[in-house]
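Listed below are the residues making up each chain.
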Amino acid sequence: MQLTVAIGILLIGGTVVGGEYFLVKWLPKHRQRVAEEVLAGLPYRNESLGVDMQVAAGIYGKVESFPGGVKISKSKFMSIGPSLTLTQQPNPDKSFNFTPQLLAKWQTRGVYEQIPRYDFQHTTINKRDAVLIWQLKDRMMVVTAHIMSPDRIVEAACSPGKEDEALYLQACVESLRTIQVAGPEPPEDTATQEVQELQPH
């Protein structure tokens, strides 16, 4: 009887120690390794869209072209995988910056249209005037970048699908922030000044 109890205690102790090692040692390292693999940038270039960028490895998969754009996605078995859709349209005004009226419309759209988890950020991406918009669509988060050059306006919409939202949204944003759009370079500090003027004081 005492031997049985002793063996039971040893088994329980071993399980506790093993569980502690799993939680404290192995699991954080595993998560870090997974994150590094997902976030690693892979080069992508599309001359017809005027785009050069680094796409996170966790998103980069099948590349499908369609009129006016391209979709990059990584399929998942019995689930919806992450995706990145790039499109572009001509810039009729040939301007370097989005108008204050359009920026105000984007900024307030979430409130007026009651869009869940809507967030707006006016920024610059590789010296270009840009906007990042987060919103919930079809129960999945989507982050969209609008980037302006005098020749074209590029729109890039990225979704984590049903994957780890925090990690894959990070992959989306890091990918979007690498986009380089073809066309003349803006005058020095023009985009930066526009961003500063719209920042809350």
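Up top is the structure these notes are about.
Note that the coordinates shown come from a computational prediction; the quantities given were computed from them, not determined experimentally.

Would you mind showing me how to read the overall build of the chain here?
What the chain contains, in helices and strands, is 4 helices and 10 strands. Start at the N end of the chain and walk to the C end: the helices and strands fall as α-β-β-β-β-β-α-β-β-β-β-α-β-α. Across the 201 residues in the chain, those meeting the buried criterion constitute 37%. Residue pairs in contact within the chain that sit at least 24 positions apart in sequence constitute 51% of those at least 6 positions apart.

Honestly, the side chain of Thr123 in this entry has me stumped. Any pointers?
Among the secondary structure elements, Thr123 is positioned in strand β6 (residues 119-125). We classify Thr123 as buried; its relative accessible area is 11%. A distance of 3.4 Å separates a polar atom in the side chain of Thr123 from a polar atom in the side chain of Arg177.

Explain the side chain of His146 here, please?
Mapped onto the secondary structure, His146 falls in strand β8 (residues 140-148). In this structure His146 comes out as buried when scored by relative accessible area, which is 11%. Other than its neighbours up to four places away in sequence, His146 contacts Phe98, Trp106, Asp129, Ala130, Val131, Ile133, Val154 and Glu155.

Got a minute to help me understand the sheet that holds strand β5 (residues 83-90) in this structure?
To summarise the sheet geometry, strands pair through backbone hydrogen bonds and adopt either a parallel or an antiparallel arrangement. Read across the open sheet, the 7 strands follow the order β3-β4-β5-β9-β8-β7-β6; overall the sheet is antiparallel. With one partner strand each, in any of the chains shown, β3 (62-66) and β6 form the two edges of the open sheet. In this sheet, adjacent strand axes meet at a mean angle of 20° when their direction is disregarded. Examined bridge by bridge, strand β7 (residues 128-137) and β8 share 8 bridges and lie antiparallel to one another. Considered in β8, the bridge of Val131 is made with His146. Sheet strands touched by helix α3 (residues 165-176): β5, β6, β7, β8 and β9 (152-159). Its angle to β8, the strand with the most contacts, is close to 10°.

In this structure, what is going on with the state of the cysteines? I would like to understand it.
Note on terminology: a disulfide is the covalent bond linking the sulfur atoms of two cysteines. Summed over all chains, the structure comprises 1 disulfide. Residue Cys158 pairs covalently with Cys172 via a disulfide, S to S 2.1 Å. Between Cys158 and Cys172, the disulfide has an S-S torsion of -70° and is therefore left-handed. Highlighted residues: Cys158 in strand β9 and Cys172 in helix α3, separated in sequence by 14 residues.

Quick question: what am I supposed to make of the packing of aromatic side chains here?
How two aromatic rings sit relative to each other is set out by the distance from centre to centre and by the angle between their planes. For the coordinates displayed, the defined rule picks out 2 aromatic pairs. For the ring pair Tyr44 and Tyr60, a centre distance of 6.2 Å and an interplane angle of 80° mean the geometry is edge-to-face. Taken as a pair, Tyr44 in strand β1 (residues 41-46) and Tyr60 in the loop between β2 (51-56) and β3 lie far apart in primary sequence, 16 residues in all. Here Phe98 and Trp106 contribute two aromatic rings whose centre-to-centre distance is 5.2 Å and whose plane-to-plane angle is 80°, an arrangement assigned as edge-to-face. Among the residues examined, Phe98 registers a relative accessible area of 4% and is labelled buried. With a relative accessible area of 13%, Trp106 lands in the buried category.

What's the story with α3 in this structure? I'm lost.
In an α-helix, one full turn covers 3.6 residues, which means residues spaced three or four apart are oriented alike. Taking 1.5 Å of rise per residue, 12 residues should cover 16 Å, and α3 covers 16 Å from first to last C-alpha, within 8% of that figure. Turning to α3, its buried residues are Leu167, Tyr168, Leu169, Ala171, Cys172, Val173, Ser175 and Leu176. N-cap assignment for α3: the residue whose side-chain oxygen lies 3.2 Å from the backbone N of Ala166 is Asp164.

What counts as what
Residues numbered from 1 in each chain as written. Predicted model: local features only at pLDDT ≥ 70, side-chain atom pairs only at ≥ 80, totals over all residues. Heavy atoms only, no water. Helix = DSSP H or I, 4+ residues; strand = E, 2+ residues; numbered from the N terminus. Buried < 20%, exposed > 50% of the residue type's maximum accessible area, 1.4 Å probe, protein only. Contact = heavy atoms within 4.5 Å. Polar contact = N/O pair within 3.5 Å; in protein donor to acceptor, adjacent residues only side chain to side chain. Pairing = 2+ DSSP bridges. Axes fitted to C-alpha atoms, helices over the stretch in contact; angles between N-to-C directions. Disulfide = S-S within 2.5 Å. Phe/Tyr/Trp six-rings, centres within 6.5 Å; stacked < 30°, edge-to-face > 60°. Expected span 1.5 Å × (residues − 1).

These results come straight from atomic positions and should not be treated as a statement about function.
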